[in-house]
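These are the residues of each chain, in order.
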Amino acid sequence: MNVTDFYISELREFSRIEITDAILHQVKRCLLDYIGVAHAGVSLSVDRMHAVLQLGEAGPCTVLGSTTKTDIYTAATVNGFTAHVIELDDGHRFAMLHLGAPIITAMLAVAQKEKLTCEQFVRGILVGYEAEARLAMAMQPNHKQRGFHATGTCGAVGVACAVAFALGLNDRQLKGAISAAATSAAGLLQVIDDASELKPYNVSHAAAAGIMAAYMGKSGFAGPEDVLGGKRGFLRAFTDTYQVEKLAADPKGLAIERIYVKPYAACRHCHAPIECALKIGQTLDSVDSIAYIVVKTYKLAVYGHDQTKISGVSEAKMSTPYCVAAALMIKSAGMEAFSESNVGREDILQLCSKVSVEESPELTALSPAKRGAFVQVVLQDGTVLEERVEHPLGEPENRISDAMLDSKYSSLMHYAGVPEERIEEIRALVWNLNQDHFEALLQAI
């Protein structure tokens, strides 16, 4: 059995999983989180997407946060972008990528076009999370070290699998879908650098390309025998080292159960330092007394996240020095910390320049089992304030409660200007998800 056939057989076996109350509850959590994050993202990006929306045609698929209905491909492109632009969407630390933004974006669009049942929708999400995470875990960390954004590359394959299983494709069609997704998969980490605003485009592309790949598979176009493991296949093209066994079920649990949920509107690599800073800030009398700050963290959280010269909101969200400075200065790392006005504040930027980010070999050795940080704030009188965080809030070992998730959802929907009545309607439909409520939810979002 070749690598692609092994991957398909493992996913086929997984797709038969019993959807227990606990699993369904986790899907609801992911869906509610996605809806809040995407609606908040609309306010920051959709007004700039006129050129993209003009490419679309009238259709059954909702552009989230608006009254616009468009075709499936345009909806996936726009919604994929808005679901990631504020950096508050869920992710998986071992796979080093985001799952809900591409997978749920695609599944909502397909559900509206194909009138999927609630069960088809839920199973598609479960398979998509599993397919994307397993493929990435087989390639990480070298995939990231080579400069690839797994949310874009593995996300396209994950979306194709989600849609393919929801549509009931057979194994031959599924191999065609995976092959089409693999050859169209893309995503460079260079787009997180400088003042680039295009990191969410990797999500857009994954959602749209994955949908198209699934329909190519459904059309019956054959792919190669082993698009993943072949000599010129996906794995060898995108990584120097890979572990085929990671394509099998993770004994530690389902991918959707091992995600993190973000409480702070920044790159996940910045979250442990943010929490350290927030804790230190509770005992700090004045930021004016700070001489310098040292952040020690694992290797993958240093390069690309240590910049102290900030030229825009997108760069601030990737910068640990900015995140730490903002957390100390305004005692928050939510949406407001990354507003254009705060990102341009001279006092925050001055404090940011005092922050250095260094690798801790100890924390590198513990990663990715623990993605922690150690922060030292050294005052002008020599006093040292320090904190260490090993599992930042939102990891499966330090879960956000349903009440906290509800609060995050409400805050984001209010930020997006959604009327209170509609906020409550969507919340109730998600928490009580069944076939009737699912049909109503597709109308309400």
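Residues numbered from 1 in each chain as written. Predicted model: local features only at pLDDT ≥ 70, side-chain atom pairs only at ≥ 80, totals over all residues. Heavy atoms only, no water.

Chemist: Is there a simple way to think about the pattern of salt bridges in this case?
Modeler: Opposite charge on two side chains allows them to pair when their charged atoms are near. The full count for this structure, using the stated rule, is 24 salt bridges. The partner of Glu87 in a salt bridge is Lys262, and the shortest N-O contact between them spans 2.9 Å. In this pair, Glu87 sits in the loop between α4 (72-82) and β3 (91-92) while Lys262 sits in the loop between α11 (234-238) and α12 (271-281), placing the two residues 175 residues apart along the sequence. For Lys262, a relative accessible area of 0% corresponds to the buried category. Overlapping salt bridges, with partners in common, bring together Arg93, Arg268, Glu395 and Glu397 in one network. (Salt bridge = Lys/Arg side-chain N within 4 Å of Asp/Glu carboxyl O. Helix = DSSP H or I, 4+ residues; strand = E, 2+ residues; numbered from the N terminus. Buried < 20%, exposed > 50% of the residue type's maximum accessible area, 1.4 Å probe, protein only.)

Chemist: Can you help me understand a nonpolar patch on the surface in this one?
Modeler: A cluster of nonpolar side chains, contributed by Tyr73, Met212, Met216 and Phe221, occupies part of the molecular surface with about 400 Å² of accessible area. Since its relative accessible area comes to 35%, Met216 is described here as partly exposed. (Patch = residues over 30% accessible without salt bridge, like charges linked within 9 Å, V, L, I, M, F, W, Y side chains within 5 Å. Areas by Shrake-Rupley, 256 points an atom, 1.4 Å probe, with all protein chains shown as cover.)

Chemist: Can you walk me through the sheet that holds strand β7 (residues 373-379) in this structure?
Modeler: Each strand in a sheet pairs with another by means of backbone hydrogen bonds, the pair being arranged parallel or else antiparallel. Ordered by their spatial adjacency, four strands build an open sheet running β6-β5-β7-β8, and the pairing between neighbours is mixed. One side of each edge strand has no neighbouring strand; the edge strands of this open sheet are β6 (355-359) and β8 (384-389). Each neighbouring strand pair of the sheet contributes to a mean axis angle of 15°, computed without reference to strand direction. When strand β5 (residues 290-297) meets β7, the two strands line up antiparallel, connected through seven bridges. Counted as the bridge partner of Val294 is Gln376 from β7. Its contacts with the sheet place α12 against β5, β7 and β8, and it is angled at close to 135° to β8. (Pairing = 2+ DSSP bridges. Axes fitted to C-alpha atoms, helices over the stretch in contact; angles between N-to-C directions. Contact = heavy atoms within 4.5 Å.)

Chemist: Help me out: how do you make sense of empty space enclosed by the protein in this one?
Modeler: The gaps left among the atoms become clear once a water-sized probe is rolled over them. Evaluated as defined, the whole model comprises four cavities of 30 Å³ or more. Along its surface, the largest cavity is lined by 20 residues, and Met96, His98, Lys144, Cys267 and His269 are the ones closest to its centre. Broken down by class, the residue content of the lining of the largest cavity amounts to nine nonpolar, six polar and five charged. The computed volume of the second largest cavity comes to approximately 60 Å³. Along its surface, the second largest cavity is lined by Gln26, Arg29, Glu257, Ile259, Val261, Gly394, Glu395, Pro396, Arg399 and Ile400. For the lining of the second largest cavity, the residue count by class is four nonpolar, two polar and four charged. (1 Å grid on protein atoms, 1.4 Å probe; cavity = no way out; pocket = protein on both sides within 12 Å on 5 of 7 lines; lining within 4 Å. Points joined across faces, edges and corners; volume = space filled by probe spheres on them. Nonpolar A, V, L, I, M, F, W, Y, C, P; charged D, E, K, R; others polar.)

Chemist: Help me understand helix α10 (residues 199-219) in this model?
Modeler: Structural remark: α-helix, 3.6 residues per turn; residues separated by three or four positions point the same way. Between the first and last C-alpha of α10 there are 31 Å, a value that for 21 residues agrees with the 30 Å anticipated at 1.5 Å per step. The element α10 is extensively covered by neighbouring structure, given that 15 of its 21 residues are classed as buried. One or two steps after α10, the chain reaches Gly220, where phi turns positive at roughly 100°. (Expected span 1.5 Å × (residues − 1).)

Chemist: Looking at this structure, how should I read the environment of Phe6?
Modeler: Of note, Phe6 is situated in helix α1 (residues 3-14). Using a relative accessible area of 23% as the deciding quantity, one classes Phe6 as partly exposed. For the pair Phe6 and Leu379, spaced 373 residues apart in sequence, the C-alpha to C-alpha distance is 57 Å. Apart from residues no more than four positions distant in its own chain, Phe6 is found in contact with Met1, Val244, Leu247 and Ala248.

Chemist: Would you mind showing me how to read the side chain of Ser179 here?
Modeler: Structurally, Ser179 is set in helix α9 (residues 171-184). There is a polar contact of 2.8 Å between the side chain of Ser179 and the backbone oxygen of Lys175. (Polar contact = N/O pair within 3.5 Å; in protein donor to acceptor, adjacent residues only side chain to side chain.)

Chemist: What's the story with the packing of helix α5 (residues 100-114) against helix α8 (residues 150-166) in this structure? I'm lost.
Modeler: It is at 9 Å that the axes of α5 and α8 come closest, and there the two elements cross at 35°. α5 and α8 meet at a crossing whose hand is right-handed. Residues Pro102, Ile103, Ala106, Met107 and Val110 of α5 touch α8, and the partners they reach there are Thr151, Gly158, Val159, Ala162, Val163 and Ala166. Partitioning the contact of α5 with α8 into residue classes produces nine nonpolar, two polar and no charged. (Left-handed = near helix turned anticlockwise from the far one by under 90°.)

Chemist: Just to check I follow, could you spell out unusual backbone geometry for this structure?
Modeler: In most cases, non-glycine residues show a negative phi, while peptide bonds are predominantly trans. Between Gln140 and Pro141 the backbone carries a cis peptide bond, its omega angle lying at 5°. In this structure, Pro141 sits in the loop between α6 (118-137) and α7 (142-145). A cis amide bond, omega 5°, links Ser367 with the succeeding residue Pro368. Within the secondary structure, Pro368 sits in the loop between α17 (361-366) and β7. With a phi close to 55°, Lys115 is a non-glycine residue in the positive phi region. Looking at the secondary structure, you find Lys115 in the loop between α5 and α6. Judged by relative accessible area, which is 71%, Lys115 ranks as exposed. Positive phi is not limited to glycine here, since Asp194 has a value of about 60°. In this structure, Asp194 sits in the loop between α9 and α10. With relative accessibility at 55%, the residue Asp194 sits in the exposed group.

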